[in-house]
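Structural description and commentary
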Amino acid sequence: MRETEAGPGRVVLAATPIGNLGDASRRLVELLGEADVIAAEDTRRLHRLVQGLGVQPVGRVVSYHEHNEASKTAELLGDVRAGGTVLLVTDAGMPSVSDPGYRLVEAAVAEGLTVTAVPGPSAVLTALALSGLPTDRFCFEGFLPRKAGERAARFAELAGERRTMVFFEAPHRLPAMLAALAEGLGADRRVAVCRELTKTYEEVLRGTAAELAAWAADGEVRGEIAVVVEGAGEAAPARTEDLVQAVNRLVSGGVRLKDAVAAVAGDAGASKRELYAAVVAAR
């Protein structure tokens, strides 16, 4: 743990509206008008945002996105060291969550500089809350790989994930994504497709993976998309005869019976004594 005496400068990550300008926080409005530097993912969108909020920034506005993060981070840290407030905003939602910001936070923390946040709208949490799926445990998976093979491999990795999963997806890739989801996680897996959240044409479609894959394939999908997917259910208890066969396979491969029973019972959460008795009785 590195400890340094932080100066008055700071990095502020500020959440911006994901659709409805009325969701802008009072602190966001204040900081947009007061920050020494505003680092924006898209300066044109920032211009529309401050116009819509009736704010006149006094600080320097710089572009900060995935293609220039490496070079711009050092510049922004220099502003913080000099005592300035660097406000980081992205196109929508919280910076660094599937958006630029992580590199700046990582570098600032490494130097012991102050990093804070202005919380606010989040497409991830909004979609999760509206999905109708369990919210007690969840994970955010961001955007899936674009290539079909890599996307299928990712779903194979997630097939046993017990938590509710949240994804982002581009509208033109949604049909392929939902088709791969139905194939990889099961046609009956419950899914919610959330589009245009907080906007005039907000829509949340709930159904099985197969049903929503058919919906997406049937017409053009538009808008910002978040997909919420039900986690895997409880695994079915292993049958005793299957466990006996697993033990016998290990034994035929040269493993001692006692060790084979212990290994199989441990993996299945079964009783070693009962499994041993079942193996002996089957001989």
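So, a few notes on the structure that sits alongside this text. (Residues numbered from 1 in each chain as written. Predicted model: local features only at pLDDT ≥ 70, side-chain atom pairs only at ≥ 80, totals over all residues. Heavy atoms only, no water.)

Right, let's talk about the overall build of the protein chain for a bit. The secondary structure content of the protein chain amounts to eleven helices and ten strands. Computed over the C-alpha atoms, the radius of gyration of the protein chain is 26 Å, more than 25% above the 19 Å expected from 2.2 N^0.38 for a compact globule of 283 residues. In terms of overall dimensions, the protein chain has C-alpha extents of about 85 × 55 × 30 Å along its principal axes. For the protein chain, the proportion of its 283 residues judged to be buried stands at 41%. By sequence separation, contacts in the protein chain at least 24 residues apart represent 69% of the contacts at least 6 residues apart. For the protein chain, the exposed area adds up to about 15,300 Å²; of that, 49% sits on carbon and sulfur atoms. On the protein chain, the mean spot of the 32 positive side-chain charges and the mean spot of the 38 negative ones are 4 Å from each other. (Helix = DSSP H or I, 4+ residues; strand = E, 2+ residues; numbered from the N terminus. Rg over C-alpha atoms; globule rule 2.2 N^0.38 Å. Buried < 20%, exposed > 50% of the residue type's maximum accessible area, 1.4 Å probe, protein only. Contact = heavy atoms within 4.5 Å. Areas by Shrake-Rupley, 256 points an atom, 1.4 Å probe, with all protein chains shown as cover. Lys, Arg positive; Asp, Glu negative; His and termini not counted. Charge placed at Lys NZ, Arg CZ, Asp CG, Glu CD.)

Bringing helix α4 (residues 102-110) into the picture now. Taken as a whole, α4 has its buried residues at Leu104, Val105 and Ala108. Summarising the axial view, the buried residues of α4 lie within an arc of 95 degrees, below the 170-degree limit, and thus occupy one face. The elements touched by buried residues of α4 are β1 (10-14), α3 (69-81), β4 (85-89) and β5 (114-118). Residue Gly112 follows α4 closely and has a positive phi angle near 75 degrees. (Arc of directions from axis to C-beta.)

Following both chains from N to C, one finds helix α9 (residues 240-252) and helix α11 (residues 272-281) inclined at 75 degrees, their axes separated by 10 Å at the closest point. On the basis of their axis angle, the class for α9 and α11 is roughly perpendicular. Taken together, the residues of α11 that come into contact with α9 (itself represented by Thr240, Leu243, Val244, Val247 and Asn248) are Leu275, Ala278 and Val279. Here the residues of the contact of α9 with α11 are counted per class, giving six nonpolar, two polar and no charged. (Axes fitted to C-alpha atoms, helices over the stretch in contact; angles between N-to-C directions. Parallel < 35°, antiparallel > 145°, perpendicular 65-115°, else oblique. Nonpolar A, V, L, I, M, F, W, Y, C, P; charged D, E, K, R; others polar.)

What follows deals with the sheet that holds strand β6 (residues 138-143). Here we have five strands laid out as an open sheet, ordered β6-β7-β10-β8-β9, and mixed in their pairing. Two strands in the sheet have a free side with no partner beyond their single neighbour: β6 and β9 (203-208). Across the sheet, the axes of successive neighbouring strands diverge by a mean angle of 20 degrees, strand direction being ignored. Bridging between strand β7 (residues 164-169) and strand β10 (residues 225-229) involves five bridges; their strand directions are antiparallel. For Phe167, the partnering residue across the bridge sits in β10 and is Val227. Helix-sheet contacts for helix α7 (residues 174-185) involve β7, β8 (190-195) and β10, and the interaxial angle to β10 is about 10 degrees. (Pairing = 2+ DSSP bridges.)

When you line up the elements, Ser131 lands in helix α5 (residues 123-131). What makes Ser131 buried here is its relative accessible area of 4%. A polar contact is formed between the side chain of Ser131 and the backbone nitrogen of Leu133, at a distance of 3.0 Å. If we ignore the near neighbours within four places in the chain, the residues touching Ser131 are Ala192, Arg206 and Val228. (Polar contact = N/O pair within 3.5 Å; in protein donor to acceptor, adjacent residues only side chain to side chain.)

With burial as the criterion, each face of strand β2 (residues 37-40) is covered, one bearing Val37 and Ala39 and the other bearing Ile38 and Ala40. Here β2 pairs with strand β3 (residues 60-63) via four bridges, running parallel. Residue pairing across strands places Ala39 opposite Val62, the latter belonging to β3. Crossover β2 to β3 through helix α2 (residues 43-53) is right-handed. Across four bridges, β2 lies against β4 in parallel orientation. Each residue of the ladder has a partner; that of Val37, found in β4, is Val86. (Right-handed = clockwise from strand over helix to strand, strands pointing away.)

Moving on, we get to the sheet that holds β5. The strand order across the open sheet formed by five strands is β3-β2-β4-β1-β5, and the pairing between neighbours is parallel. Of all the strands in the sheet, the pair left with one neighbour each is β3 and β5. Neighbour-to-neighbour, the strand axes of this sheet turn through a mean angle of 25 degrees, independent of strand direction. Along the sheet, α2 makes contact with β2, β3 and β4, crossing β3 at roughly 140 degrees.

Just distances and angles here, no functional claims.
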